[in-house]
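Residues per chain, in single letters:
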Amino acid sequence: MTKIVVTGGAGFIGSNFVHHLYAKYPDYQITVVDKLTYAGNLRNLESVLRSGRVTFERLDICDPAIGDAFARAEMVIHFAAESHVDRSIEDAEAFVRTNVNGTWNVVEAARGHKVSRFLHVSTDEVYGSLGPQGRFTETMPLVPTSPYAATKAASDLLVQAAVRTHGFPAIITRCSNNYGPYQFPEKFIPLMIVQALAGRSLPVYGDGQQVRDWIHVSDHCRALDAVLHGGRVGEVYNIGGDAERANLDIVRTILKTLGRDESLIEHVTDRKAHDRRYAMDSAKLLAELGWRPQWNFEDGLADTICWYQANQAWLAETRSGDYRNYFERHYVHREKTFAL
Ligand code: NAD
Ligand code: TYD
């Protein structure tokens, strides 16, 4: 069995990636390390935790004792982070702690256990904001705007420093905005779906003409898989969805799909220092590993809307906060390491 550690595996992308690994690699023993902050939901992993091939450890990546979880691990993929820009504008302390200090702690633990491959999941937001033309390439300077992006840039650079200084076998991916199943409904697309489903107003920041390059989370997982197994150590790979859309256009599509009126759109005060446009050039990933996104954005969005409609129980539990009791209900009497 090959042991792989997935930090942040109870969050949105991490849990999708665990499902991907689980289905594709029957000989992998997957250890999920997650603190279960408000963004972590163990329900996302319910079906695979029953298998015995996926184990869960409730750990803070800042904990100096985290190293034990990395014993005999061949690979580590590091998702754990504070991830919401608006929260980082309110208070960045947890972002500095987890994204910067926590990442360094994870790197040191992985280095101590001599893992043979480490994939750091970074973001396009480290590049800052684009004007109307051009796309981000891997060689561009990092000029992050928000406190979230600044802490992700710091962690990205710390991983690069470990590669150069210690020969640490790390690879970095920088991906654009994800959407799909299990995304916490504070992020733009699931929030708008939830509001539209309930007939409540949809809060659009400023003029709604900000552009993001949207990628379905399953395409992101396929790219991470390709890089983890075939990427070159020390390299950075951009991952984009090839789907630039303005926020307001997405809101209109969601309303139309759900048969709701555009009068539900409410323009609210813009986010501070709101990045205007992100767009990724993923040519390197295509050239080296033959990856390209498979989802067309409109199909992916329709599929995601269906997922939220079909998973009302998940949504209700997420909105009520009850998902946070799931861990205590199922595991409080056990050791901190377990499989269902
Ligand atoms: P998320 O917020 O849904 O999940 C983050 C997970 O990390 C949660 O399960 C949370 O409990 C865990 N976590 C947070 N702090 C922790 C700590 N101190 N110790 C252990 N676990 C902790 O985030 P996501 O959207 O799934 O993003 C995952 C990664 O991908 C992040 O590193 C993010 O920066 C990056 N990323 C996200 C996007 C996107 O569009 N969502 C795009 C590019 C890159
Ligand atoms: P978000 O999902 O927070 O991702 P990011 O800021 O990391 O790109 O937001 C995506 C876009 O949607 C961004 O331009 C901000 C905008 N937005 C709104 O207009 N209203 C909202 O309520 C939220 C959460 C985001």
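Here, the structure is the one placed above.
Quick summary incoming for the structure in this document. (Residues numbered from 1 in each chain as written. Chains lettered and ligands numbered in written order. Predicted model: local features only at pLDDT ≥ 70, side-chain atom pairs only at ≥ 80, totals over all residues. Heavy atoms only, no water.)

Brief notes about the overall build of the chain
In terms of helices and strands, the chain carries 12 helices and 14 strands. In terms of C-alpha radius of gyration, the chain reaches 19 Å, essentially the compact-globule figure of 20 Å for 340 residues. The principal-axis extent of the C-alpha atoms belonging to the chain is close to 55 × 45 × 40 Å. Put simply, the chain has 340 residues, and 56% of those count as buried. Counted over contacts in the chain with a minimum sequence separation of 6, partners at least 24 positions apart contribute 82%. Entry remark: accessible area of the chain is about 13,900 Å², with carbon and sulfur atoms responsible for 50%. Each charge class in the chain was averaged separately, 37 positive and 41 negative side chains, and the resulting centres sit 3 Å apart. (Helix = DSSP H or I, 4+ residues; strand = E, 2+ residues; numbered from the N terminus. Rg over C-alpha atoms; globule rule 2.2 N^0.38 Å. Buried < 20%, exposed > 50% of the residue type's maximum accessible area, 1.4 Å probe, protein only. Contact = heavy atoms within 4.5 Å. Areas by Shrake-Rupley, 256 points an atom, 1.4 Å probe, with all protein chains shown as cover. Lys, Arg positive; Asp, Glu negative; His and termini not counted. Charge placed at Lys NZ, Arg CZ, Asp CG, Glu CD.)

Details of helix 11 (residues 312-320)
Residues Trp314, Leu315, Glu317 and Thr318 constitute the buried set of helix 11. One side of helix 11 carries all its buried residues, which in axial view fall inside an arc of 165°. Facing away from the buried surface of helix 11 by more than 90 degrees, the exposed residues are Ala313 and Ser320. One or two residues past the end of helix 11 sits glycine 321, with phi positive at roughly 90°. (Arc of directions from axis to C-beta.)

Brief notes about the site of ligand 1
Around ligand 1, a shell composed of 28 residues is seen, among which Ile13, Asp34, Ser83, Tyr148 and Lys152 lie nearest. Here an oxygen atom of ligand 1 sits 3.5 Å away from a polar atom, N or O, in the main chain of leucine 36. Contacts to ligand 1 include tyrosine 148, whose side-chain N or O atom sits 2.7 Å from an oxygen atom. When the free accessible area of ligand 1 is taken as 830 Å², the share hidden by the protein chains comes to 97%. Taken together, the elements giving at least two residues each to the shell around ligand 1 come down to helix 1 (12-24), strand 5 (117-123) and helix 5 (147-166). The element that contributes the greatest number of residues to the shell around ligand 1 is strand 5, accounting for 3 residues. Broken down by class, the residue content of the shell around ligand 1 amounts to 13 nonpolar, 11 polar and 4 charged. (Near = heavy atom within 4 Å. Polar contact = N/O pair within 3.5 Å; in protein donor to acceptor, adjacent residues only side chain to side chain. Nonpolar A, V, L, I, M, F, W, Y, C, P; charged D, E, K, R; others polar.)

Quick word on the pattern of salt bridges
Per the counting criterion, the structure on display carries 20 salt bridges. Two residues, glutamate 46 and arginine 43, come together in a salt bridge whose shortest N-O distance is 3.1 Å. Classification of arginine 43 by relative accessible area gives partly exposed; the value is 24%. Residue aspartate 86 pairs with arginine 271 through a salt bridge whose shortest N-O separation is 2.7 Å. Linking aspartate 86 in helix 3 (residues 85-90) with arginine 271 in the loop between strand 13 (265-268) and helix 9 (283-289), this pair joins segments that are 185 residues apart in sequence. As far as burial versus exposure is concerned, aspartate 86 and arginine 271 are alike and both buried. Among the charged side chains, a salt-bridge network with shared partners connects Arg43, Glu46, Arg50 and Glu317. (Salt bridge = Lys/Arg side-chain N within 4 Å of Asp/Glu carboxyl O.)

Brief notes about the pairing of strand 8 (residues 202-205)
What you see with strand 8 is a clean split: Leu202 and Val204 sit on the buried side and Pro203 and Tyr205 on the side with no burial. Pairing of strand 8 with strand 13, which is carried by 4 bridges, proceeds in the parallel orientation. The partner of proline 203 across the bridge, within strand 13, is glutamate 266. (Pairing = 2+ DSSP bridges.)

Side note on the site of ligand 2
Every one of the 19 residues lining ligand 2 counts as a neighbour, but Glu125, Pro203, Arg212, Arg271 and His274 are closest to it. Between ligand 2 and glutamate 125, the relevant distance is 2.4 Å, taken from an oxygen atom to a side-chain nitrogen or oxygen of the residue. Between ligand 2 and asparagine 177 there is a distance of 2.8 Å, counted from an oxygen atom to a side-chain nitrogen or oxygen. Protein burial of ligand 2: of its 520 Å² of free accessible surface, 96% is covered by the chains. Elements with a contribution of two residues or more to the shell around ligand 2: helix 3, helix 6 (188-198) and strand 8. Of the residues assigned to the shell around ligand 2, the class counts are 8 nonpolar, 5 polar and 6 charged.

Some details on the environment of glycine 230
Note that glycine 230 resides in helix 7 (residues 217-230). With 58 residues separating them along the chain, glycine 230 and glutamate 288 place their C-alpha atoms 8.7 Å apart.

Quick word on the packing of helix 4 (residues 93-112) against helix 5
Direction vectors running N to C along helix 4 and helix 5 enclose 20°, while the axes themselves pass 8 Å from each other. Taken together, the axes of helix 4 and helix 5 are roughly parallel relative to one another. Remark: the crossing between helix 4 and helix 5 carries right-handed chirality. Here Phe95, Val96, Asn99, Val100, Thr103, Trp104, Val107 and Arg111 of helix 4 lie close against helix 5, whose contacting residues are Tyr148, Thr151, Lys152, Ala154, Ser155, Leu158, Val159, Ala162 and His166. Residues belonging to the contact of helix 4 with helix 5 are distributed by class as follows: 10 nonpolar, 5 polar and 2 charged. (Axes fitted to C-alpha atoms, helices over the stretch in contact; angles between N-to-C directions. Parallel < 35°, antiparallel > 145°, perpendicular 65-115°, else oblique. Left-handed = near helix turned anticlockwise from the far one by under 90°.)

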